[in-house]
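# Understanding the architecture of this molecule
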Amino acid sequence: MLDRGAALRLTGQQEHNGNTGDGVSKQEAAEGVEIEIGGLSKIFGQGAAAFHALSDINLEIRTGEFFTLLGPSGCGKTTLLRVIAGFEQPSAGSLKINGKEVAGLGPNARPVNTVFQNYALFPHMTVAQNIGFGLKMLGRPRAEVEATTAEMLKLVKMEAMAGRKPSEISGGQQQRVALARALAPRPRVLLLDEPLSALDLKLRKEMQSELKRLQAETGITFIFVTHDQEEALTMSDRIAVMSAGRILQLGSPHEIYHAPSERFVADFIGDTNFMDLPVSAVEDGRARVTLPGGQEAEARLPEGMLPVLGETVTLVIRPEQARLVEPAGADLVAEVESAVFFGTDTHIHLRLHDGQGFVLRRQNTAETPDPAPGSVVGLQLSPGALRVLRS
Ligand code: ATP
């Protein structure tokens, strides 16, 4: 753990010079909006070749939060990060950092720093020299460079390797050095572009908790780019789900997972079952739907949505929100197609009476026999499991 003094030094300093940040006071962290983006778009190319990489982005990122941009390849995550960093300029719209308009300013005039996917460490410099390099370039006094380097080495637990070259340390250790180098000038905001993608799964998990620890201890706003939904769910305070240059949904991991607003978000975040069902009644933000097999069930409606009676709506239900029961009196009855064992849980692939597919995830708390393919089972839905998606 970073000693309390070091944590306060990181968050409390109020200096500003070149691309260094002002530090962030505890009060600011509790109250502030760090980044405010309004009506922002980015178009690459011109005329017939024009490509809208970002369209009408509106976003507020709070001071001190771990914020994630999540979406499939090509959705515009990196472009948005590069616009915030100042490596790209927006085609339209505004971008404020700590209340100051920065659209048009270059990277050096912004209190942000970036950690790149490939670390970009200088191979001929030692770990310590890499960490202190940015501060040296900013003309900071030698004593300050040395003190901050020592503090950063401690923060990322690399004191013992200060004298090694990047080629003499592992991938995970290189990642730590890249983080320390980016944190050394005390930016207000740290931008991280898929920084864990080059690491193997075990190291990736370790670095995920390392990043969370660093963010909590420094109080710096982290903006993290990933296409990995599990990484986004486990690490973030809030997530913006992007598709085709737009933000489709913004919310906490719980909101994004349990209350996806549209099909793309539901499909992208976690495994999902979709069912198209007719509405038989609507009241108080809820709809009654008729399940295949004739049972009635309640489903939550997205805010403001008012389907007409008889209309077919698309519902989402997560695979862990249904359990196997006897067919008599069950919400749904289905035929088992296959059961796939994953160790911690088993995925049971089913076919409902109306022909729609359904996957149920059962946690393996004890050695329970898998249902045989071809057998008929009942499903009981958890209360509140059904949600209608916005059409
Ligand atoms: P990935 O996860 O694969 O890195 P991404 O979501 O980060 O994807 P971006 O790199 O932001 O996606 O790219 C968004 C879109 O903008 C892509 O279709 C890409 O081809 C296009 N694009 C990015 N940079 C440029 C450029 N300089 N000129 C033209 N098109 C570009």
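Please refer to the structure higher up on the page.
As the structure is a computational prediction, the values presented were derived from the model and not from experiment.

### Focus: the site of the ligand
All residues in the neighbourhood of the ligand are listed as Phe44, Phe51, Ala53, Pro72, Ser73, Gly74, Cys75, Gly76, Lys77, Thr78, Thr79 and Glu194. Take serine 73: an N or O atom from its side chain is 2.6 Å from an oxygen atom of the ligand. One of the backbone nitrogen or oxygen atoms of glycine 76 is found 3.0 Å away from an oxygen atom of the ligand. Protein chains shield 58% of the accessible area of the ligand, which is 640 Å² for the free molecule. Of all elements in the fold, only strand E2 (51-62) and helix H3 (77-85) reach the threshold of two or more residues within the shell around the ligand. No other element matches H3, which puts three residues into the shell around the ligand. Of the residues assigned to the shell around the ligand, the class counts are five nonpolar, five polar and two charged.

### As for the side chain of glutamine 173
Structurally, glutamine 173 is set in helix H6 (residues 171-183). Given a relative accessible area of 18%, glutamine 173 falls into the buried group. Residues contacting glutamine 173, with those up to four places away along its chain left out, are Met158 and Met161.

### Re unusual backbone geometry
Residue arginine 186 is not a glycine yet carries a positive backbone phi of 55°. Examined against the element boundaries, arginine 186 turns out to sit in the loop between H6 and strand E7 (189-193). The buried category is assigned to arginine 186, whose relative accessible area is 5%. Unlike most non-glycine residues, alanine 244 shows phi in positive territory, near 45°. Summarising the element assignment, alanine 244 is placed in the loop between strand E9 (238-243) and strand E10 (246-251).

### Observations concerning the layout of surface pockets
Estimates place the volume of the second largest pocket at around 290 Å³. Considering the residues around the second largest pocket, the lining is formed by Gln229, Glu230, Leu233, Thr234, Tyr257, Gly270, Asp271, Phe342, Asp345, His347 and Arg361. Breaking the lining of the second largest pocket down by element, the ones donating at least two residues are helix H8 (229-235) and strand E17 (345-352). Broken down by element, the residue count for the lining of the second largest pocket peaks at four residues, all from H8.

### Some thoughts on the nonpolar core
Within the largest apolar cluster, 34 residues are counted, with the highest numbers of intra-cluster contacts made by Ile131, Leu179, Leu183, Leu190, Leu192, Leu211 and Phe222. Broken down by secondary-structure element, the contributors of at least two residues to this core are helix H4 (127-137), helix H5 (142-155), H6, E7, helix H7 (201-218) and strand E8 (221-226). With six residues, H6 is the largest single contributor of residues to this core. In this view, isoleucine 131 contacts Thr149, Met152, Leu153, Val177, Ala180, Arg181 and Ala184; residues no more than four positions away in its chain are not counted. Counting 28 residues, the second-largest nonpolar core is a separate cluster that includes Leu277, Met305, Val336 and Leu379.

### Observations regarding the side chain of asparagine 113
Note on placement: asparagine 113 falls in strand E6 (residues 112-115). A polar contact is formed between the side chain of asparagine 113 and the backbone oxygen of alanine 182, at a distance of 2.9 Å.

Criteria and thresholds
- Residues numbered from 1 in each chain as written.
- Predicted model: local features only at pLDDT ≥ 70, side-chain atom pairs only at ≥ 80, totals over all residues.
- Heavy atoms only, no water.
- Near = heavy atom within 4 Å.
- Polar contact = N/O pair within 3.5 Å; in protein donor to acceptor, adjacent residues only side chain to side chain.
- Areas by Shrake-Rupley, 256 points an atom, 1.4 Å probe, with all protein chains shown as cover.
- Helix = DSSP H or I, 4+ residues; strand = E, 2+ residues; numbered from the N terminus.
- Nonpolar A, V, L, I, M, F, W, Y, C, P; charged D, E, K, R; others polar.
- Buried < 20%, exposed > 50% of the residue type's maximum accessible area, 1.4 Å probe, protein only.
- Contact = heavy atoms within 4.5 Å.
- 1 Å grid on protein atoms, 1.4 Å probe; cavity = no way out; pocket = protein on both sides within 12 Å on 5 of 7 lines; lining within 4 Å.
- Points joined across faces, edges and corners; volume = space filled by probe spheres on them.
- Core = buried A, V, L, I, M, F, W, Y, C linked by side-chain atoms within 4.5 Å.

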